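# Observations on the three-dimensional arrangement
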Amino acid sequence: MLDALKDELLSQVNAAGDLAALEEVRVTALGKKGRITGFMKELGGLSPDERRERGQQLNALKDEIAAAIDSRKADLARAHLEARLQAERIDVTLPVRPETEGRIHPISQTIDEMVAIFAEMGFSVAEGPDVEDDFHNFTALNFPPGHPARDMHDTFYLPDAGDKKMLLRTHTSPVQVRTMLNKKPPIRIIAPGRTYRSDYDMTHTPMFHQIEGLVIDEATHMGHLKGCLIEFCRAFFDVDDLPLRFRPSFFPFTEPSAEVDIGCSRKGGELKLGNYGDWLEILGCGMVHPNVLEACGIDSTRYQGFAFGMGIERVAMLKYGIPDLRTFFEADLRWLKHYGFVPLDVPSMAQGLTR
Ligand code: PHE
């Protein structure tokens, strides 16, 4: 009689097509009111010998059915996974769709291009916070308190933090300070990022981007500075004979300091970059002032180096013919579709900066 029950239950287990059906079979057989449980309850009415024998048989049956249910459960789970893998299969060898909806903002693209060029020259990327203190943004950069050059920065000041005067960084140069305080020379970094000045017109927005460069070593000199920037500008603007002019200038944190102009033509109201006799200013640079090295714990009798800083919007506008700075930050999708870049065109020196 138990053999018949066993066959019946086993065939039910094997016929269960999913986990719910299997659970139903389990309840019918082993649940509180299940059939095997029912027989167990009858054991009390038997003689001790019968009870032992019958009890052993029922236990064996119970174990066998439970094992069958477990193994069926594993089979169903495997089959379920298999079906899911089949249904969700994708062919990863298919070509990527070239036209996707989103666009890379020209600022991001320009930063990627700059990083690609400087990475090739051995620079690594450094970062610093947008919210700075007066020490990193000014004092350590040789702007003593009350120095008139501080006023040229139209600084956004924030509520003081303890005895620290806080502000939104007005340039990326504080990253120079943070890098020198944390790293021993030789140093070769670029630091792209957001900067802030209280100003707004055709050529100024309160938030804009700069990229900073810093090289510190024992024998680094102005020739290296010139070579580095000439190389960069020619690669970035993709003009092989682009002339650069280094004009004496002033920054508190560099000595000597220079502003760099690139060759251009403005004939007929159209701006063209190249060797045409006219000039356009694009960046500031110089040899790091010994006071800055010392403020950052670097021995200025042993080490020297150069720094440069450049407005990213400005060079992006020049390179991509974008006329109005303010449009960069208006989040106009039509503008972004026009001036933005296809996400998969990642700039690299090997594949070309822009394709
Ligand atoms: N920080 C300067 C500015 O914002 C640019 C600069 C950087 C000049 C590094 C010299 C060296 O105008």
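Computed from a predicted structure; not experimentally measured. (Residues numbered from 1 in each chain as written. Predicted model: local features only at pLDDT ≥ 70, side-chain atom pairs only at ≥ 80, totals over all residues. Heavy atoms only, no water.)

### Let's talk about the site of the ligand
What counts, and what does not: For this description, a residue counts as near a given molecule or strand if any of its non-hydrogen atoms is within 4 Å of it. Any pair of nitrogen or oxygen atoms within 3.5 Å is treated as a polar contact; in protein, a donor-acceptor pairing is required on top of that, and neighbouring residues in sequence qualify only through side-chain atoms on both sides. Accessible surface is estimated by sampling points in the Shrake-Rupley manner with a 1.4 Å probe; for residues, cover comes only from the protein chains shown. Put simply, the grid is 1 Å and covers the protein atoms alone, a cavity is a trapped set of points that fit a 1.4 Å probe, a pocket is an open set with protein on both sides within 12 Å along at least five of seven lines, and lining residues have an atom within 4 Å of a point. A cavity or pocket is said to hold a molecule if more than half of that molecule's atoms lie within 2 Å of its grid points. Here a strand is any run of E in DSSP of at least two residues, a helix any run of H or I of at least four, and the numbering for each starts at the N terminus.
If you check the shell around the ligand, you find 14 residues, and the closest are His171, Ser173, Arg197, Gln210 and Glu212. Note that an oxygen atom of the ligand is positioned 3.0 Å from one of the side-chain N or O atoms of Gln210. Burial of the ligand by the protein amounts to 91% of the accessible area it has alone, namely 330 Å². When atom positions are compared with the pocket grids, the ligand is found to occupy the largest pocket. Secondary-structure elements contributing two or more residues to the shell around the ligand are strand E5 (207-217), strand E9 (278-288) and strand E10 (304-311). Tallying contributions element by element places E10 first for the shell around the ligand, with three residues.

### Notes on the nonpolar core
Applied cut-off: Take the buried residues of types Ala, Val, Leu, Ile, Met, Phe, Trp, Tyr and Cys, join any two whose side-chain atoms come within 4.5 Å, and each joined set is a nonpolar core. For the exposure calls, accessible area comes from a 1.4 Å probe over protein chains only, and a residue counts as buried if that area is under 20% of its type's maximum, exposed if over 50%, partly exposed in between. The contact criterion used is simple: two residues touch if any of their non-hydrogen atoms lie within 4.5 Å.
Among the nonpolar cores identified, the biggest contains 48 residues, and Leu229, Phe237, Ile262, Cys285 and Phe308 are the most heavily contacted of them. Counting residues per element, this core draws most heavily on helix H9 (residues 222-237), which supplies seven residues. Beyond its immediate sequence surroundings of up to four residues, Phe237 is in contact with Leu242, Ile262, Leu273, Ile282, Val315, Leu318 and Lys319. Counting 23 residues, the second-largest nonpolar core is a separate cluster that includes Met180, Ile187, Leu214 and Tyr303.

### Re the pattern of salt bridges
Opposite charge on two side chains makes pairing possible when the charged atoms of those side chains draw close. To keep it simple, the criterion reads: We define a salt bridge as a side-chain nitrogen of Lys or Arg found within 4 Å of a carboxyl oxygen belonging to Asp or Glu.
In this structure the tally under the stated criterion is 19 salt bridges. Residue Arg84 is joined to Glu88 by a salt bridge in which the shortest nitrogen-to-oxygen separation is 3.0 Å. In this structure, the salt-bridge partner of Glu113 is Lys319, at a minimum N-O distance of 2.7 Å. Of this pair, Glu113 sits in helix H5 (residues 106-120) while Lys319 sits in helix H11 (residues 312-320); the two residues are 206 residues apart in sequence, bridging distant segments of the chain. Residues participating in the shared-partner salt-bridge network are Arg245, Arg247, Glu259, Asp261 and Glu281.

### So, the packing of aromatic side chains
Think of a pair of aromatic rings as described by two things: how far the centres are apart, and how the planes are tilted against each other in angle. For clarity, the cut-off: The criterion for an aromatic pair is that two Phe, Tyr or Trp rings (for Trp, the six-membered ring) have centres within 6.5 Å, with stacked assigned to planes under 30 degrees apart, edge-to-face to planes over 60 apart and tilted to the rest. In our convention, an over-ring charge means Lys NZ or Arg CZ found within 6 Å of a ring centre and within 35 degrees of that ring's normal.
All chains considered together, the criterion is met by 13 aromatic pairs. Connected via pairs of aromatic rings, a cluster forms that spans Phe118, Phe123, Phe232, Phe236, Phe237, Phe306 and Phe308. Taking NZ or CZ as reference, Arg326 lies 5.7 Å from the ring centre of Tyr200, over its face.

### Brief notes about the UniProt feature "domain: Aminoacyl-transfer RNA synthetases class-II family profile" (unreviewed entry) in the protein
Using the following cut-off: UniProt positions are given in the numbering used here, feature names are shortened, and annotations may be inferred rather than shown by experiment.
The sites that UniProt annotates as "domain: Aminoacyl-transfer RNA synthetases class-II family profile" (unreviewed entry) are residues 117-343. Regarding residues 117-343, the helix share stands at 26% and the strand share at 31%, and the terminal C-alpha atoms are separated by 19 Å.

### Some words on the packing of H5 against H11
Stated formally: Angular values range over 0 to 180 degrees, each being the angle between N-to-C directions of two axes fitted as lines to C-alpha atoms, with helices fitted over their stretch in contact. Should an angle fall under 35 degrees it is taken as roughly parallel, and over 145 as roughly antiparallel, whereas 65 to 115 is taken as roughly perpendicular and any remaining angle as oblique. Residue type decides the class: Asp, Glu, Lys and Arg count as charged, Ala, Val, Leu, Ile, Met, Phe, Trp, Tyr, Cys and Pro as nonpolar, and the leftover types, Gly among them, as polar.
Closest axis-to-axis distance for the H5/H11 pair is 10 Å, and the angle between their directions is 95 degrees. With respect to H11, the element H5 is oriented roughly perpendicular. From H5, Ile107, Thr110, Ile111, Glu113 and Met114 reach across to H11, where they touch Ile312, Glu313, Val315, Ala316, Lys319 and Tyr320. For the contact of H5 with H11, the class distribution of residues is seven nonpolar, one polar and three charged.

### With respect to the environment of Ala307
Residue placement: Ala307 occurs in strand E10. A residue is classified by how much of its surface remains accessible, and Ala307, at 3% relative accessible area, is buried. Spatially, the C-alpha atom of Ala307 lies 9.4 Å from that of Ile190, the residues being 117 residues apart in sequence. Ignoring anything within four residues of it in the chain, the contact list for Ala307 reads Gln176, Gly213, Leu214, Leu225, Gly284, Cys285, Gly286 and Val288.

### So, the domain arrangement of the protein
Cut-off, in case you're wondering: Per the annotation, domain bounds derive from an automatic or database assignment of domains.
We note that the domain assignment places domain 1 (2-87) and domain 2 (106-339) within the protein. In this structure, domain 1 and domain 2 have C-alpha centres spaced 76 Å apart.

### Re helix H2 (residues 19-30)
Rules: Working rule for helices: expected span equals 1.5 Å times residues minus one.
Along its twelve residues, H2 runs 16 Å from first to last C-alpha, staying within 8% of the 16 Å computed at 1.5 Å per residue. Residues of H2 that are buried in the fold lie against helix H1 (2-15), helix H3 (35-42) and helix H4 (48-87). Where H2 begins, one side-chain oxygen reaches toward the backbone nitrogen of Ala20, 3.2 Å away; that side chain belongs to Asp18.

### Here's the deal with the pairing of strand E7 (residues 254-265)
Filter applied, for reference: Should DSSP find at least two bridges between two strands, the strands are regarded as paired.
Burial runs high along E7: ten of the twelve residues are buried. Both strand E6 (residues 244-251) and E7 contribute to a ladder of seven bridges, which runs antiparallel. Directly across from Phe251, in E7, lies its bridge partner Thr254. In this structure, E7 lies alongside E9, joined through nine bridges in antiparallel fashion. Following the sheet pairing, Cys264 is matched in E9 by Asp278. Two strands pair when backbone bridges link them, and E7 and strand E8 (residues 272-273) are joined in this way by two bridges, in the antiparallel orientation. The partner of Cys264 across the bridge, within E8, is Leu273. Hairpin connection of E7 to E8: six residues between the antiparallel strands, including Gly268 at a positive phi of 65 degrees.

### Points about the packing of H1 against H4
Where H1 contacts H4, the axes come no closer than 10 Å and their chain directions differ by 10 degrees. In terms of orientation, H1 and H4 fall into the roughly parallel class. Contacts between H1 and H4 involve Leu2, Leu5, Lys6, Leu9, Leu10, Val13 and Asn14 on the former and, on the latter, Arg54, Gln57, Leu58, Leu61, Glu64, Ile65, Ala68, Ile69 and Arg72.

### What to know about the layout of surface pockets
Remark: the empty space left among the atoms is shown by a probe the size of a water molecule rolled over them. The line we're drawing: Grid points are joined across faces, edges and corners, and a volume is the space filled by probe spheres set on the points.
In this structure, the largest pocket spans a volume of roughly 1300 Å³. As for the largest pocket, its lining consists of 48 residues, and the residues nearest its centre are Gln210, Glu281, Ile282, Gly311 and Arg314. Those elements giving two or more residues to the lining of the largest pocket turn out to be E5, E6, E7, E8, E9, E10 and H11. The element best represented in the lining of the largest pocket is E9, accounting for six residues. Space inside the second largest pocket adds up to approximately 220 Å³. Lining the second largest pocket are 13 residues; nearest its centre among them are Arg188, Val215, Thr220, His224 and Phe306. For the lining of the second largest pocket, the elements supplying multiple residues, two or more each, are strand E4 (187-196), E5 and H9.

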